[in-house]
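Observations on the model geometry
One-letter residues, chain by chain:
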Amino acid sequence: GENVEQHPSTLSVQEGDSAVIKCTYSDSASNYFPWYKQELGKRPQLIIDIRSNVGEKKDQRIAVTLNKTAKHFSLHITETQPEDSAVYFCAASESNMRFGAGTRLTVKP
Amino acid sequence: ETGVTQSPTHLIKTRGQQVTLRCSSQSGHNTVSWYQQALGQGPQFIFQYYREEENGRGNFPPRFSGLQFPNYSSELNVNALELDDSALYLCASSLATGGYEQYFGPGTRLTVT
């Protein structure tokens, strides 16, 4: 089955800096790669996703890149703000979704 | 917030007991996936139901079972509860199986003592 690895497990940045989270996946059949943000005590919220026929997608301050050959994808957050502090999860799916272990992002004011 | 609801919000059970958790999917969604999220970890895939049939299962023992009803709501049943079953149980609904956005419910926090 699919195996998703996510790095780093924790990330601390200064407000205004950029943050990058990286994931690798094992199943070449995976074709859908979402990113979720989970705040303490709340449900995961979809923030951006990308499909295997696209190499990059951007939505305001967040962007995702996908390298199908290398089986890795990354989340980029620019101009970070304290409210970006949360746990971020990547996932990969062909039929069923598998999640990475998460990255705890802390943005210091 | 999504239109996905779960009940109950919290539950405390004793080891060896059985539990049923419920999930109502978002309107128009025919697929429900269930996940177990232990503290500090990512959601672990339990199984998925698509149009009332199981459509994939993660690495969970048979004492984890489920159902999907004609209105696409779903139940997760866990028999012979163990201490390690203590976790947040999340369901997520989507338009169909495969590469579609999944929208999560608020979760059920299960504590096994």
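A short tour of the structure in this document, coming up. A quick note: this is a predicted structure, and the numbers were derived from the prediction, not measured.

Topic: the sheet that holds strand β8 (residues 74–78) of chain B
All names here are of chain B. Strand order in this open sheet of 4 strands is β1-β3-β8-β7, and the pairing throughout is antiparallel. Each edge of the open sheet is held by one strand with a lone partner, namely β1 (5–7) and β7 (64–68). Pairwise comparison of adjacent strand axes, ignoring direction, gives a mean angle of 20° for this sheet. Both β7 and β8 contribute to a ladder of 5 bridges, which runs antiparallel.

Things to note about the pairing of strand β9 (residues 86–93) of chain A
All names here are of chain A. Where burial is concerned, most of β9 is hidden: 8 out of the 8 residues are buried. Residue alternation in β9 divides its side chains into two sets, A86, Y88, C90 and A92 and V87, F89, A91 and S93, and both sets are buried. In this structure, strand β4 (residues 32–38) lies alongside β9, joined through 5 bridges in antiparallel fashion. Residue pairing across strands places Y36 opposite F89, the latter belonging to β9. As judged from the 3 bridges shared by β9 and strand β11 (residues 103–108), these two strands associate in the antiparallel manner. Across the sheet, V87 pairs through a bridge with R104, a residue of β11. Both β9 and strand β10 (residues 97–99) contribute to a ladder of 3 bridges, which runs antiparallel. Bridging across to β10, A92 finds its partner in R98. Connecting the antiparallel pair β9 and β10 is a turn made up of 3 residues.

Remarks on the interface of chain A and chain B
Chain A puts 20 residues into the contact, and the matching count from chain B is 26 residues. Where chain A abuts chain B, roughly 1700 Å² becomes buried across the two surfaces, and 47% of that area is made up of carbon and sulfur atoms. Area buried by chain A at its contact with chain B is led by R43, N96 and F99 of chain A, which between them contribute 34% of it. Inspection of the chain A/chain B interface yields 1 salt bridge. Where chain A touches chain B, the interface holds 7 residue pairs in polar contact (both at pLDDT 80 or more). When contributions to the side of chain A that touches chain B are tallied by element, the ones reaching two or more residues are β4, β5 (45–51), β9 and β10 of chain A. At 4 residues, the largest contribution of residues to the side of chain A that touches chain B is made by β5 of chain A. Residue classes in the side of chain A that touches chain B are distributed as 8 nonpolar, 7 polar and 5 charged.

Parameters and conventions
Residues numbered from 1 in each chain as written. Chains lettered and ligands numbered in written order. Predicted model: local features only at pLDDT ≥ 70, side-chain atom pairs only at ≥ 80, totals over all residues. Heavy atoms only, no water. Pairing = 2+ DSSP bridges. Helix = DSSP H or I, 4+ residues; strand = E, 2+ residues; numbered from the N terminus. Axes fitted to C-alpha atoms, helices over the stretch in contact; angles between N-to-C directions. Buried < 20%, exposed > 50% of the residue type's maximum accessible area, 1.4 Å probe, protein only. Contact = heavy atoms within 4.5 Å. Buried area = accessible area lost by both parts, 1.4 Å probe. Salt bridge = Lys/Arg side-chain N within 4 Å of Asp/Glu carboxyl O. Polar contact = N/O pair within 3.5 Å; in protein donor to acceptor, adjacent residues only side chain to side chain. Nonpolar A, V, L, I, M, F, W, Y, C, P; charged D, E, K, R; others polar.

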